[in-house]
Number of protein chains: 4
Amino acid sequence: MKKSVKTTIKVRYQETDQMGVVYHANYLVWFEIGRTAFIEELGFKYHEMEQQGAVSPVVDANISFHHPIRYGEDAVVETWINTYDGLRVEYGYQIIDLNGEVAVSGNTKHVVVKKDNFRPVSIRRVFPEWHEAYLKAMGEK
Amino acid sequence: MKKSVKTTIKVRYQETDQMGVVYHANYLVWFEIGRTAFIEELGFKYHEMEQQGAVSPVVDANISFHHPIRYGEDAVVETWINTYDGLRVEYGYQIIDLNGEVAVSGNTKHVVVKKDNFRPVSIRRVFPEWHEAYLKAMGEK
Amino acid sequence: MKKSVKTTIKVRYQETDQMGVVYHANYLVWFEIGRTAFIEELGFKYHEMEQQGAVSPVVDANISFHHPIRYGEDAVVETWINTYDGLRVEYGYQIIDLNGEVAVSGNTKHVVVKKDNFRPVSIRRVFPEWHEAYLKAMGEK
Amino acid sequence: MKKSVKTTIKVRYQETDQMGVVYHANYLVWFEIGRTAFIEELGFKYHEMEQQGAVSPVVDANISFHHPIRYGEDAVVETWINTYDGLRVEYGYQIIDLNGEVAVSGNTKHVVVKKDNFRPVSIRRVFPEWHEAYLKAMGEK
């Protein structure tokens, strides 16, 4: 079965804009929070990857904004893996509001690159434990 | 002919992250800057729309990150209209780096809604001058 | 005795800059998080104040940055009231790192104003429950 | 005579909050923009300092918020050097609104440190050209 991780997010005043709702770009930050929590559930941490000289930039992001979230309302970001091929991983997300409705959904695609030259590295080869954990999280192991 | 508007952006230190590049969510802010400049070229301003009780939230965003932009490098965001149907407008963007290469590309879809209840309004009917300007900017008038 | 409230903060990747540490302006956001938690401990919420047509802008802020906080390190923001006179409230903060050392300290002064014209209102007169709670939190009741 | 540099800033929608004004922490970012422009007027760039392995963190910041700035209003940040002693430099700033009034004022104190260990370096000794330019900008040369 596919693993998914839920993380509660408390809206920061700073995240609102003058429409009176969360500014749309902040949902990408919330996706980052969800992704980090997901990774940590698998037993990993991004800063440990960085200590090995690698970073994991986003190469593609898609977001649908169904309805706004407001200050004073807690939200939940749910994160899972959509696809993974040893090189690229695509995370899926939905942000669920107070009433249990999906306010925002989306996905982000990531590679792993060397920090000093941004050349791609194979997750399967260079980070075999992440590779195994990804497969397991997708229910393929 | 399709109108497009180019705006120069100077990377803020605040926009970088510890990868040493611009944090990905900031490109959505740069798209906002490009869109605002485009709108102003058409002779409009978002805050004038807001004074009439309407706001224009993003309903969908897609971004492809081709290569990173770094602090100390100026960038240009180019903005145009992809599609418009009287109700929804989709802007297209590309962010061009120092070397003239496309670093980031994407699009955002917008509606116009009443500020107090987020109910959609027809751009064609309620903002006829924007409607005319959109058609003209797409080269359809 | 003076009340103080501690809130744990997990560094967001977005909050780092290319120095490899948390970008300094974000500590003002963390102060906001501490202040919100403090207020909620007193039984109040900012968005309830806003529903009554009032907001509480910062009029003065002072921050000392003793040493940086890094991604992957949790921090704690501790918040208390320094001074309060019925009209202005000054919060004090310290941000404590993994090793229990104060990384950042500071204070912010706030008034309450009407949302529509930014004219000051007396907290004592218009928000008497906040007034009482502030006095109690300072150990003066 | 003391040198000062003025830079125009166009409010980003992202910088507003639900009070309908610029969120206070963003003024620290505007100070950064003013400081960068000031430095560039002296003929330097922060990223060149970084290429030499040094960064210039803020050690102290003080801000007074006199009245808010709103979306749709351009602002000007004026930057100068308050004090400099070969090791620490304090910049002064004021943010001037549409009507020529000071909306925000403040200062930030900076040191220069080695990027890898955050140990302070003497600006006078390690960056003698910056040292000379600072003195000149203060009207002391």
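All of these numbers come straight from a predicted model, not from anything done at the bench.

1. Observations regarding the overall build of chain A
Link 1 in the chain: Counting its regular elements, chain A contains 4 helices and 8 strands.
Link 2 in the chain: Counting from the amino terminus, helix and strand elements in chain A follow one another as β-α-α-β-β-β-β-β-β-β-α-α.
Link 3 in the chain: Whereas a compact globule of 141 residues would reach a radius of gyration of roughly 14 Å, chain A reaches 16 Å, a difference of no more than 12%.
Link 4 in the chain: Along the three orthogonal principal directions, the C-alpha set of chain A runs to about 45 × 35 × 20 Å.
Link 5 in the chain: A buried classification covers 40% of the 141 residues belonging to chain A.
Link 6 in the chain: Sequence separation of 24 or more characterises 66% of the internal contacts of chain A that already satisfy a separation of 6 or more.

2. Here's the deal with the relation of the copies chain A and chain D
Link 1 in the chain: Of the two same-sequence chains, chain A is brought onto chain D (RMSD 0.0 Å, axial shift 0.0 Å) by a rotation of 180°. Such a combination of rotation and displacement between the chain copies is what one expects of a two-fold axis.
Link 2 in the chain: Residue by residue, 100% of the interface of chain A is reproduced at the interface of chain D, so both copies engage with the same surface.

3. With respect to the environment of threonine 79 of chain C
Residues and elements named next belong to chain C.
Link 1 in the chain: Secondary-structure assignment places threonine 79 in strand β4 (residues 74-84).
Link 2 in the chain: Exposure remark for threonine 79: the 25 C-beta atoms within 10 Å place this residue in the buried category.
Link 3 in the chain: Sequence separation of threonine 79 and asparagine 107 is 28 residues, and the distance between their C-alpha atoms is 9.2 Å.
Link 4 in the chain: Residues within four places of threonine 79 in sequence aside, it is in contact with Ser4, Val5, Gly34, Arg35, Ala37, Phe38, Tyr91 and Tyr93.

4. Section: the interface of chain B and chain A
Link 1 in the chain: Residue-level contacts link 18 residues of chain B with 18 residues of chain A.
Link 2 in the chain: Of the residues forming the side of chain B that touches chain A, the biggest block, 8 residues, is contributed by strand β3 (residues 58-65) of chain B.
Link 3 in the chain: By residue class, the composition of the side of chain B that touches chain A is 13 nonpolar, 3 polar and 2 charged.
Link 4 in the chain: Strand direction decides the pairing type here: strand β3 (residues 58-65) of chain A and β3 of chain B, joined by 5 bridges, are antiparallel. Within β3 of chain B, the position partnered with isoleucine 63 of chain A by the bridge is alanine 61 of chain B.

5. What about helix α1 (residues 26-41) of chain C?
Residue and element names in this part refer to chain C.
Link 1 in the chain: Across its 16 residues, α1 extends 23 Å between first and last C-alpha, which sits within 8% of the 22 Å expected from 1.5 Å per residue.
Link 2 in the chain: α1 sits mainly inside the fold: 12 of its 16 residues count as buried.
Link 3 in the chain: All of the buried residues in α1 are Asn26, Tyr27, Leu28, Val29, Trp30, Phe31, Glu32, Gly34, Arg35, Thr36, Phe38 and Ile39.
Link 4 in the chain: Immediately beyond the C-terminal end of α1, within one or two residues, lies glycine 43, with a positive phi of roughly 100°.

6. Notes on the interface of chain A and chain D
Link 1 in the chain: The partner chain D presents 9 residues to the 9 residues of chain A that form the contact.
Link 2 in the chain: A per-class count over the side of chain A that touches chain D returns 4 nonpolar, 4 polar and 1 charged.

7. Notes on the confidence of the model for chain A
Link 1 in the chain: Per-residue pLDDT for chain A has a mean of 96; in total, 100% of the residues score no lower than 70.
Link 2 in the chain: Across the interfaces of the predicted complex, the ipTM metric reaches 0.95, alongside a pTM of 0.97.

8. A few points about the sheet that holds strand β7 (residues 112-114) of chain D
All names here are of chain D.
Link 1 in the chain: Spatially, β2-β7-β8 is the arrangement adopted by the 3 strands of the open sheet, whose pairing is antiparallel. Strand pairing shows two members of the sheet lacking a second neighbour, β2 (54-55) and β8 (120-121), which therefore form its edges.
Link 2 in the chain: When β2 meets β7, the two strands line up antiparallel, connected through 2 bridges. From the neighbouring strand, valine 55 faces β7, where its bridge partner is valine 113.

9. Side note on the sheet that holds strand β8 (residues 120-121) of chain A
All names here are of chain A.
Link 1 in the chain: What the 3 strands build is an open sheet, ordered β2-β7-β8; its pairing is antiparallel. Whereas interior strands pair on both sides, the edge strands pair on one side only; in this sheet they are β2 (54-55) and β8.
Link 2 in the chain: Pairing between strand β7 (residues 112-114) and β8: 2 bridges, direction antiparallel. Residue pairing across strands places valine 113 opposite proline 120, the latter belonging to β8.

10. Some thoughts on the pairing of β4 of chain C
All names here are of chain C.
Link 1 in the chain: With 7 bridges connecting them, strand β1 (residues 4-10) and β4 associate as antiparallel partners. For serine 4, the partnering residue across the bridge sits in β4 and is tryptophan 80.
Link 2 in the chain: Two strands pair when backbone bridges link them, and β4 and strand β5 (residues 89-96) are joined in this way by 8 bridges, in the antiparallel orientation. Opposite threonine 83, over in β5, you have glutamate 90 as the bridge partner.
Link 3 in the chain: Hairpin connection, β4 to β5: the antiparallel pair is bridged by 4 residues, and glycine 86 has positive phi, about 95°.

11. Let's talk about helix α4 (residues 128-137) of chain D
Each turn of an α-helix holds 3.6 residues, which means side chains three or four residues apart point in the same direction.
Residues and elements named next belong to chain D.
Link 1 in the chain: Residues of α4 that are buried include every one of Trp130, Tyr134 and Ala137, and no others. Along the axis of α4, the buried residues cluster in a sector spanning 65°; they form a single face. Exposed and oriented more than 90 degrees from the buried face of α4 are Pro128, Glu129 and Lys136.
Link 2 in the chain: Along its buried surface, α4 packs onto β4 (74-84), β5 (89-96) and α3 (123-126).
Link 3 in the chain: Glycine 139 occupies a position one or two residues after α4 and carries a positive phi of about 80°.

12. Description of unusual backbone geometry
Link 1 in the chain: The backbone of phenylalanine 118 of chain A shows a phi angle near 55°, a positive value even though the residue is not glycine.
Link 2 in the chain: Relative to the helices and strands, phenylalanine 118 of chain A resides in the loop between β7 and β8.

13. What about the environment of arginine 88 of chain A?
Residue and element names in this part refer to chain A.
Link 1 in the chain: Tracing the chain through its elements places arginine 88 in the loop between β4 (74-84) and β5 (89-96).
Link 2 in the chain: A count of 15 C-beta atoms within 10 Å places arginine 88 in the partly exposed class.
Link 3 in the chain: Sequence spacing of arginine 88 and isoleucine 123 is 35 residues, and the spatial spacing of their C-alpha atoms is 7.9 Å.
Link 4 in the chain: Ignoring sequence-local partners within four residues, the contact set of arginine 88 consists of Lys109, His110 and Val111.

Parameters at a glance
Residues numbered from 1 in each chain as written. Chains lettered and ligands numbered in written order. Predicted model: local features only at pLDDT ≥ 70, side-chain atom pairs only at ≥ 80, totals over all residues. Helix = DSSP H or I, 4+ residues; strand = E, 2+ residues; numbered from the N terminus. Rg over C-alpha atoms; globule rule 2.2 N^0.38 Å. Buried ≥ 20, exposed ≤ 12 C-beta atoms within 10 Å, placed from the backbone. Contact = placed C-beta atoms within 7 Å. Least-squares fit on C-alpha atoms with pLDDT ≥ 70 in both. Nonpolar A, V, L, I, M, F, W, Y, C, P; charged D, E, K, R; others polar. Pairing = 2+ DSSP bridges. Expected span 1.5 Å × (residues − 1). pLDDT = per-residue confidence, 0-100. Arc of directions from axis to C-beta.

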